[in-house]
Amino acid sequence: MPSLIHPINGASAPIYTLAEGVPQAKNDTSDQILTGSGGGYVLLTSTQLLEQLAHFSRERIPERVVHAKAAAAWGYFEVTDDVSDITDAAFLNSIGRKTEALCRISTVGPERGSADTVRDFRGFAVKFKTDEGNQDWVFNNQPVFFVRDPAKFPSLNRSHKRHPTTNASDADMFWDFHVNSPESIHALMFLFGDRGIPKSVRHTNAFSGNTYKLTKANGEYHYVRMHLLSDQGIECLADTDAARLAGTDPDNNVLDLQAAIEAGHPPSWTVYFQVIAPSDIAKAAVPIFDMTKVWPHKQYPLRRVGRLVLNRNPRNWFAEVEQAAFSPSNMVPGVEAAPDAMLQARMFAYPDAARYRLGANYQYLPTNAAKAPVYCPTERDGFMNFTDNYGSDPNYVGSQLKPVSFKASNVPQQVRANGAEIKQIVNTLPPPTLDMVSATTLYPVRSASELADLDYEQPRALWQNVMAKQEGAQARFVQTLAGHVAGVKNSQLRSDVYALFEKVDKDLGRMVKETTESKIEALHKVI
Ligand code: NDP
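Note that the structure is predicted; figures quoted are calculated from it, not measured.

In this structure, what is going on with the overall build of the protein? I would like to understand it.
Counting secondary structure elements, the protein contains 14 helices and ten strands. Across the 527 residues that make up the protein, the buried fraction comes to 46%. Counting contacts in the protein only where the partners sit at least 6 residues apart, residues at least 24 apart contribute 70% of the total. Counting every atom, the protein has about 26,700 Å² of accessible surface; 56% of that belongs to carbon and sulfur.

Dropping the structure here:
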């Protein structure tokens, strides 16, 4: 049965119609008489047939260049603890306040139809539909990232995708990038470790990676990193199980999330912040704007803020998930960007990708539309503008004419929800460059690939302090890593990989070398 309510204009449609409403008696035949055997002619006057064929050819939009395959659900964020001392953001304040949220958890490199259980980072994007406009968190399931210079971002991703000649993934290309961008060593330690393949999206954490700034109307601010820790606990897959599921159940993670919600077990994450006051930057244990580093828990303990619950499955995947667009640039009053180069670049790249993928009016699509009143008459027209386009309101800045199309009673000015002028707040904030100066004095700027001892300290801590305490974790790490490096055909490149891991720990480098070369030897014997 067709839907009785038209999805766009809301009119009731008791019978099948063409897209512009003309009734069609039958929608499963062309409107010419066919012979019993299925032969015959169809004419260009068969509007129904032509419409169906033409629309079918156009039903794909460009898939995301990264993060194409995802699980997703709706839910809410609830404030559980008071953070009013560090931010005015309304959705983070008032214990018990709930804000509707859309969450999309994706693999990164593989395409939209690829298997869920691959060894890869996971994207963890949340759109909070707050009373002050949309706030997006576009996070990863690992606390660090591979690069710290955004100029390398496209190259990093290409090296993890398909080779331009073979159109297959390629271990030489992957490691050629990483040995020449060794700042990725910390992220590689996570990728090939026990937490490299989440069992499901419910069983993985999420981290901002980037540093954000939380602000108060009085001009005070703090730097923060956000952590979402799974209340289901961390559970991961071994390569063998992951490979089996990739073959038998490639949409495993997508369906697992839907089944859990359907069965009345909504997954949740507890949200924490790590916080640094600007006055403490000078004594910071790490360069705080560097995405290849974590902020050590001991110096910067996790401070609980709230909880994210996912309790509603999408009703239409394309409308609610494929058309969803997340961007780190969506920030409400009380949240700001820090002088974090990766964050700054992402604030351009994500909306740019959405404009390419969905068009200039993507922010008005129902799944992206803010719940808060929107009045932005200087952004109008463009392809597929399905709004009233601000009617006859002035389309230029500075007009004194009264807007007529804005329906809400309080015509928006440059005002925050709490009445303070945005301009004033911005003017009272110290310029971010002061913090950059203090951070870079402490940690002198190096070209992104020029590594200091400091760059190996945290990977070393993961190897020597964290993995060493978990039974078999180091051995599994070496096996997994060697399995991948064994695919590298160029022997000089393999030696460079061993040298990279040797800088983390001499034994680690030696073990990776021995295990990899013996895997290659065994393979040659079989061949
Ligand atoms: P701690 O020594 O206080 O805690 C270790 C962290 O590592 C915990 O978050 C733990 O998560 C996580 N962890 C445990 N096993 C693994 C694994 N096999 N793969 C990846 N992560 C694991 O942390 P520090 O702040 O002192 O940092 C020590 C090292 O831990 C860092 O160099 C970094 O590599 C890693 N780490 C640090 C994080 C941070 O934000 N500070 C976050 C995650 C890892 P859990 O509590 O769930 O067991």
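Looking at this structure, I do not really get the nonpolar core. What am I missing?
Here is a general trend for soluble globular proteins: nonpolar side chains tend to be buried in one another's company. Formed by 40 residues in total, the largest nonpolar core has its most connected members in F146, W175, L188, M189, F477, F501 and L508. Elements with a minimum of two residues in this core: α3 (171–180), α4 (185–191), α11 (453–466), α12 (473–485), α13 (491–504) and α14 (506–526). Setting aside residues no more than four positions away along its own chain, L188 makes contact with F146, F174, W175, H178, F477, L500 and F501. Counting 36 residues, the second largest nonpolar core, distinct from the first, contains A89, I105, L214 and V224.

Help me out: how do you make sense of empty space enclosed by the protein in this one?
Any empty space left between the atoms is revealed when a probe the size of a water molecule rolls over them. Tallied over the full model, the rule gives two cavities of 30 Å³ or more. Of the pockets and cavities examined, the largest cavity occupies roughly 60 Å³. Lining the largest cavity are K69, A70, A71, I105, S106, T107, D116, R122, V201, N253 and V254. Listed by contribution, the elements that provide at least two residues to the lining of the largest cavity are β1 (70–79), β2 (98–107) and α6 (252–262). Top contributing element to the lining of the largest cavity by residue count: β2, with three residues. Its residues placed into classes, the lining of the largest cavity shows five nonpolar, three polar and three charged.

Help me understand the site of the ligand in this model?
Every one of the 15 residues lining the ligand counts as a neighbour, but H186, W295, H297, Q458 and Q470 are closest to it. In this structure, an oxygen atom belonging to the ligand sits 3.1 Å away from a side-chain N or O atom of R195. The separation between an oxygen atom of the ligand and a polar main-chain atom of Q458 is 3.0 Å. For the ligand, whose unbound accessible area comes to 790 Å², protein coverage reaches 75%. Taken together, the elements giving at least two residues each to the shell around the ligand come down to α4 and α11. In terms of residues, the shell around the ligand owes the most to one element, α11, which gives four residues.

Looking at this model, I keep getting lost on the confidence of the model for the protein. Mind explaining?
Atomic detail in the predicted coordinates should be set aside for any region of low pLDDT. Considering every residue of the protein, the mean pLDDT works out to 90; 87% of them sit at 70 or more. Scored below 50 in pLDDT, residues 407–412 makes five contacts in the model with residues more than four places away or belonging to other chains. This model gives residues 415–430 a pLDDT under 50, and the stretch forms 23 contacts once residues within four places in sequence are excluded. On the interface metric, ipTM, the complex scores 0.98, and its pTM is 0.92.

How should I be thinking about the pairing of β1 in this particular structure?
Consecutive residues of a regular strand have side chains that alternate between opposite faces of the sheet. Burial of β1 is extensive: ten of the ten residues sit out of reach of the surface. On β1, burial covers both faces: A70, A72, W74, Y76 and E78 on one face and A71, A73, G75, F77 and V79 on the other are all buried. Across nine bridges, β1 lies against β2 in antiparallel orientation. For Y76, the partnering residue across the bridge sits in β2 and is E100. Pairing of β1 with strand β9 (residues 303–312) involves six bridges; the strand directions are antiparallel. The residue bridging E78 from the neighbouring strand is R307, located in β9.

Looking at this structure, I do not really get the packing of α3 against α13. What am I missing?
For any two helices packed against each other, the geometry is given by the interaxial angle and the distance between the axes. It is at 10 Å that the axes of α3 and α13 come closest, and there the two elements cross at 45 degrees. Taken together, the axes of α3 and α13 are oblique relative to one another. α3 and α13 meet at a crossing whose hand is left-handed. In this structure, α3 uses D172, W175, D176, H178 and V179 to contact α13, whose residues at the interface are L493, D496, V497, L500 and F501.

Help me understand the pattern of salt bridges in this model?
When the charged atoms of two side chains lie near each other, side chains of opposite charge can form a pair. A complete count under the given rule lists 27 salt bridges for this structure. We note a salt bridge from D85 to R303, for which the minimum N-O separation is 2.7 Å. Taken together, the residues span a long stretch of sequence, with D85 in the loop between β1 and β2 and R303 in strand β9 at a distance of 218 residues. For R303, a relative accessible area of 27% puts it in the partly exposed group. Sharing partners across several salt bridges, the network here consists of R148, D290, K293 and D455.

Whenever I open this one, the packing of helix α2 (residues 153–160) against α3 confuses me. Can you help?
Close contact between α2 and α3 brings their axes to 7 Å; oriented N to C, the two are set at 150 degrees. When the interaxial angle is binned, α2 and α3 end up roughly antiparallel. In contact with S155, L156, R158, S159 and H160 of α2, α3 contributes M173, F174, F177 and H178. Across the contact of α2 with α3, the residue classes break down as four nonpolar, four polar and one charged.

Can you help me understand the packing of aromatic side chains in this one?
Taken as a whole and assessed by the stated rule, the structure comprises 22 aromatic pairs. Among the aromatic side chains, those forming a connected cluster through ring pairs are F77, F91, F128, W137, F139 and F273. The ring of Y221 carries K213 above its face, with NZ or CZ at 4.4 Å from the centroid.

Scoring rules and cut-offs
- Residues numbered from 1 in each chain as written.
- Predicted model: local features only at pLDDT ≥ 70, side-chain atom pairs only at ≥ 80, totals over all residues.
- Heavy atoms only, no water.
- Helix = DSSP H or I, 4+ residues; strand = E, 2+ residues; numbered from the N terminus.
- Buried < 20%, exposed > 50% of the residue type's maximum accessible area, 1.4 Å probe, protein only.
- Contact = heavy atoms within 4.5 Å.
- Areas by Shrake-Rupley, 256 points an atom, 1.4 Å probe, with all protein chains shown as cover.
- Core = buried A, V, L, I, M, F, W, Y, C linked by side-chain atoms within 4.5 Å.
- 1 Å grid on protein atoms, 1.4 Å probe; cavity = no way out; pocket = protein on both sides within 12 Å on 5 of 7 lines; lining within 4 Å.
- Points joined across faces, edges and corners; volume = space filled by probe spheres on them.
- Nonpolar A, V, L, I, M, F, W, Y, C, P; charged D, E, K, R; others polar.
- Near = heavy atom within 4 Å.
- Polar contact = N/O pair within 3.5 Å; in protein donor to acceptor, adjacent residues only side chain to side chain.
- pLDDT = per-residue confidence, 0-100.
- Pairing = 2+ DSSP bridges.
- Axes fitted to C-alpha atoms, helices over the stretch in contact; angles between N-to-C directions.
- Parallel < 35°, antiparallel > 145°, perpendicular 65-115°, else oblique.
- Left-handed = near helix turned anticlockwise from the far one by under 90°.
- Salt bridge = Lys/Arg side-chain N within 4 Å of Asp/Glu carboxyl O.
- Phe/Tyr/Trp six-rings, centres within 6.5 Å; stacked < 30°, edge-to-face > 60°.
- Lys NZ or Arg CZ within 6 Å of the ring centre and 35° of its normal.

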